[in-house]
Amino acid sequence: MASMDPDPAETPDLEPGGGVPPGSTPPDTPQTSGLSAEEPATRHHFPPTGILAVVLAIALVAVFVVVAVGLVITIVS
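Rules used throughout
- Residues numbered from 1 in each chain as written.
- Predicted model: local features only at pLDDT ≥ 70, side-chain atom pairs only at ≥ 80, totals over all residues.
- Heavy atoms only, no water.
- Helix = DSSP H or I, 4+ residues; strand = E, 2+ residues; numbered from the N terminus.
- Buried < 20%, exposed > 50% of the residue type's maximum accessible area, 1.4 Å probe, protein only.
- Areas by Shrake-Rupley, 256 points an atom, 1.4 Å probe, with all protein chains shown as cover.
- Patch = residues over 30% accessible without salt bridge, like charges linked within 9 Å, V, L, I, M, F, W, Y side chains within 5 Å.
- Salt bridge = Lys/Arg side-chain N within 4 Å of Asp/Glu carboxyl O.

**A word on the overall build of the chain**
So, step 1. Within the chain, the secondary structure is distributed over 1 helix and 0 strands.
So, step 2. Here the chain holds 77 residues, and the buried ones make up 3% of them.
So, step 3. In the form shown here, the chain has an accessible surface area of approximately 7200 Å², with 67% of it arising from carbon and sulfur atoms.

So this is what it looks like as structure tokens:
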């Protein structure tokens, strides 16, 4: 595994003091990977709150359609 703090003597394009000349990019530093905490177990069913949200959305759309049809009928007649 590479060191997180590379040796400046072996880093190309590094100027005295630690800067880099214009046009150069700083050297890549290795990064740690992985999760910091264990992921929660996934469920194989739809959550109750999701079912409630779908039911409420369908009810809202139904009310909107009923009101729109009622307005169209009153305007036409």
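We are not done yet, so read on.
**What to know about a nonpolar patch on the surface**
So, step 1. A surface patch of nonpolar side chains, amounting to about 480 Å² of accessible area, comprises Phe46, Ile51, Val54, Val55 and Ile58.
So, step 2. Secondary-structure assignment places Val55 in helix H1 (residues 48-76).

No statement about biological role is implied by the geometric values presented.
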